[in-house]
Amino acid sequence: MSHPDSEQHELRLLMRRFLKSHASPGDRIVLAVSGGPDSIAMAAICSELREEFSIDFYCVNINHQLQEGSAQWSEKTIAICKSLGFENATSISVSVDEKSGRGLEAAARNARYKALREFSSSVNARAIMLAHTMDDQAETVLMRIARGSSARSLAGMAHVTSDLWRPLLDIERAKLHKVIETLGIETISDPHNFDRQFTRVKIRLDVIPALIEALGQNVVNGLARTARMSRMDADALEQIAASTYPKLLIEKELIISELNIQPLAIQTRIVHHWLLARNVPADGLTSDHVFAVCRLAADPKLKGPIKVAGGVEVQKASGRLRT
């Protein structure tokens, strides 16, 4: 049986290690606080540590205005943050483009991150801290496995991605909930977290419990470990591809014979980088485009051209790939 304060102690140590590695005295950091147990636990520990690290934390709640009563939930979240000592806590209302074609989850996320970044810029903050947990990581890996993703995608969420910091990826959601219970802090329960119209919710409520029942309690930890190992592999492959890429170029064209002797995992990364350098838009470039270009290079029977994103075409000429 664990000590009643053991989860709080673990969270404190985790956050202290993260801040020692990534933050500096005098930093300003935005805390994205939804009002749920995960983000409130993060805010509570940051409140404890702010003087030790001489960091100014800004609690920000985003009101997506998607549900009746969302304004009241935001007000309650701000009140909780202020009770933790964050007098600068603020709420920002955003408009979510529900007709963006990317789904409600993605549209809400885009609106949220845009607002957080605008606020972060306004206070000259170094980073935005998000309360994603090991469970969130496991859910992300499962969703990407279902889509047939690459090693980079299976790597899931990184602890640090530019200005987004995720210090809680190595701790389970249940432990954060115990921290909240120990501290006796009230939190908000968002009905969307139980709405099975969202893929992540179905994975959280149905898929992962079924996997735990079938395979044991270590499923979440195992999926998170898969993400860590996939990140290591993807980083190594990308370093190799980056060092090889310049050697395959002549006048901004790829030498086909040199490309073809590379392992396919390196070929695809080189082609992907080359296409971006040839002004192919990143948001339209898919793995199908990349593999089609690799097949064009490998198969002497294929003459091309191959159409990729942004109206760009790739063709073969004089033993090279060109656009």
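Just so it is clear, the model here is predicted, and its values are computed rather than measured. (Residues numbered from 1 in each chain as written. Predicted model: local features only at pLDDT ≥ 70, side-chain atom pairs only at ≥ 80, totals over all residues. Heavy atoms only, no water.)

K.L.:
Would you mind showing me how to read the packing of helix 1 (residues 6-22) against helix 7 (residues 173-183) here?
P.N.:
Two quantities define a packed helix pair, namely the angle between the axes and the distance from one axis to the other. With their axes 8 Å apart at the nearest point, helix 1 and helix 7 run at an angle of 115° to one another. Crossing handedness for the pair helix 1 and helix 7: left-handed. The segment helix 1 lies against helix 7, with E7, Q8, E10 and L11 engaging K175, L176, K178, V179, T182 and L183. Residues that form the contact of helix 1 with helix 7 fall into these classes: four nonpolar, two polar and four charged. (Axes fitted to C-alpha atoms, helices over the stretch in contact; angles between N-to-C directions. Helix = DSSP H or I, 4+ residues; strand = E, 2+ residues; numbered from the N terminus. Left-handed = near helix turned anticlockwise from the far one by under 90°. Contact = heavy atoms within 4.5 Å. Nonpolar A, V, L, I, M, F, W, Y, C, P; charged D, E, K, R; others polar.)

K.L.:
How do you make sense of the sheet that holds strand 2 (residues 56-63) when you look at a structure like this?
P.N.:
The pairing of strands in a sheet comes from backbone hydrogen bonds and takes either a parallel or an antiparallel form. Overall, mixed pairing links the six strands, which are arranged 3-2-1-4-6-5 in an open sheet. In this open sheet, the two edge strands, each paired with only one partner strand, are strand 3 (90-93) and strand 5 (160-161). Across two bridges, the pairing between strand 5 and strand 6 (residues 164-165) is antiparallel. In the strand pairing of strand 6, V160 is matched with W165. On top of the sheet, helix 1 reaches strand 1 (28-32), strand 2, strand 4 (127-129), strand 5 and strand 6; it is set at about 170° to strand 4, its chief contact. (Pairing = 2+ DSSP bridges.)

K.L.:
Help me understand the packing of aromatic side chains in this model?
P.N.:
Where two aromatic rings form a pair, the distance of their centres and the angle of their planes describe that pair. Inspection of every chain in the model, using the stated rule, returns two aromatic pairs. With 5.7 Å between their ring centres and 70° between their planes, F18 and W165 make a pair best called edge-to-face. In this pair, F18 sits in helix 1 while W165 sits in strand 6, placing the two residues 147 residues apart along the sequence. No difference in accessibility class separates F18 from W165, as the two residues are buried. (Phe/Tyr/Trp six-rings, centres within 6.5 Å; stacked < 30°, edge-to-face > 60°. Buried < 20%, exposed > 50% of the residue type's maximum accessible area, 1.4 Å probe, protein only.)

K.L.:
Looking at this structure, how should I read the pairing of strand 2?
P.N.:
One face of the sheet, then the other: side chains in a regular strand alternate in exactly this way. For strand 2, the buried fraction is high: seven of the eight residues fall into the buried class. With respect to chirality, the unit in which strand 1 leads through helix 2 (residues 37-53) into the neighbouring parallel strand 2 is right-handed. Relative to strand 3, strand 2 runs parallel, the two being bridged by four bridges. Paired with I62 across the bridge in strand 3 is I92. Chirality of the crossover, the property in question, places the unit of strand 2, helix 3 (residues 70-83) and strand 3 among those that are right-handed. (Right-handed = clockwise from strand over helix to strand, strands pointing away.)

K.L.:
Sorry, what's going on with the nonpolar core here?
P.N.:
As a rule of thumb, nonpolar side chains are buried together in soluble globular proteins. By size, the foremost hydrophobic cluster in this structure holds 37 residues, and its most contacted members are M15, L19, L31, F57, F86, M129 and L168. Elements with a minimum of two residues in this core: helix 1, strand 1, helix 2, strand 2, helix 3, strand 4 and helix 7. The element that contributes the greatest number of residues to this core is helix 2, accounting for nine residues. If near-sequence neighbours (up to four positions away) are discounted, L168 is found in contact with L11, L14, M15, D38, M42, A131, H132, T133, M134 and L176. Judged by nonpolar contacts, the second largest core, of 25 residues, contains I256, L259, I270 and V290. (Core = buried A, V, L, I, M, F, W, Y, C linked by side-chain atoms within 4.5 Å.)

K.L.:
For this particular structure, what's the right way to read helix 12 (residues 287-298)?
P.N.:
Every α-helical turn comprises 3.6 residues, leaving residues that sit three or four positions apart pointing alike. Relative to the 16 Å expected for 12 residues at 1.5 Å per residue, helix 12 spans 16 Å between its end C-alpha atoms, a close match to the ideal helical length. Taken residue by residue, helix 12 has H289, V290, A292, V293, C294, L296 and A297 as its buried positions. Buried-residue contacts for helix 12 involve helix 10 (256-260), helix 11 (264-277), strand 9 (306-307), strand 10 (313-317) and strand 11 (320-322). (Expected span 1.5 Å × (residues − 1).)

K.L.:
Is there a simple way to explain the packing of helix 5 (residues 134-147) against helix 9 (residues 219-244) in this structure?
P.N.:
Put simply, helix 5 and helix 9 touch, their axes get as near as 8 Å, and they point 70° apart. By the angle between their axes, helix 5 is roughly perpendicular relative to helix 9. Considering the relative orientation of helix 5 and helix 9, their crossing is left-handed. Residues M134, D135, Q137, A138, V141 and L142 of helix 5 lie in contact with helix 9, whose contacting residues are V220, N221, L223, A224, T226 and A227. Split into classes, the residues belonging to the contact of helix 5 with helix 9 amount to eight nonpolar, three polar and one charged. (Parallel < 35°, antiparallel > 145°, perpendicular 65-115°, else oblique.)

K.L.:
Whenever I open this one, the environment of C59 confuses me. Can you help?
P.N.:
By secondary structure assignment, the location of C59 is in strand 2. Residue class for C59 comes out buried when judged on its relative accessible area of 1%. Along the primary structure C59 and R117 are separated by 58 residues, whereas in three dimensions their C-alpha atoms are 13 Å apart.

K.L.:
Where do I start with the sheet that holds strand 7 (residues 249-250) in this structure?
P.N.:
On the basis of which strands lie adjacent, the open sheet formed by five strands has the order 7-8-11-10-9 and antiparallel pairing. In the strand order of this sheet, the two ends are held by strand 7 and strand 9, each with one partner. As defined by bridge partners, strand 8 (residues 253-255) adjoins strand 11 across two bridges and the pair is classed as antiparallel. Pairing of I255 across the sheet is with R320, part of strand 11. Contacting strand 7, strand 8, strand 10 and strand 11, helix 11 runs over the sheet at an angle of about 160° to strand 8.

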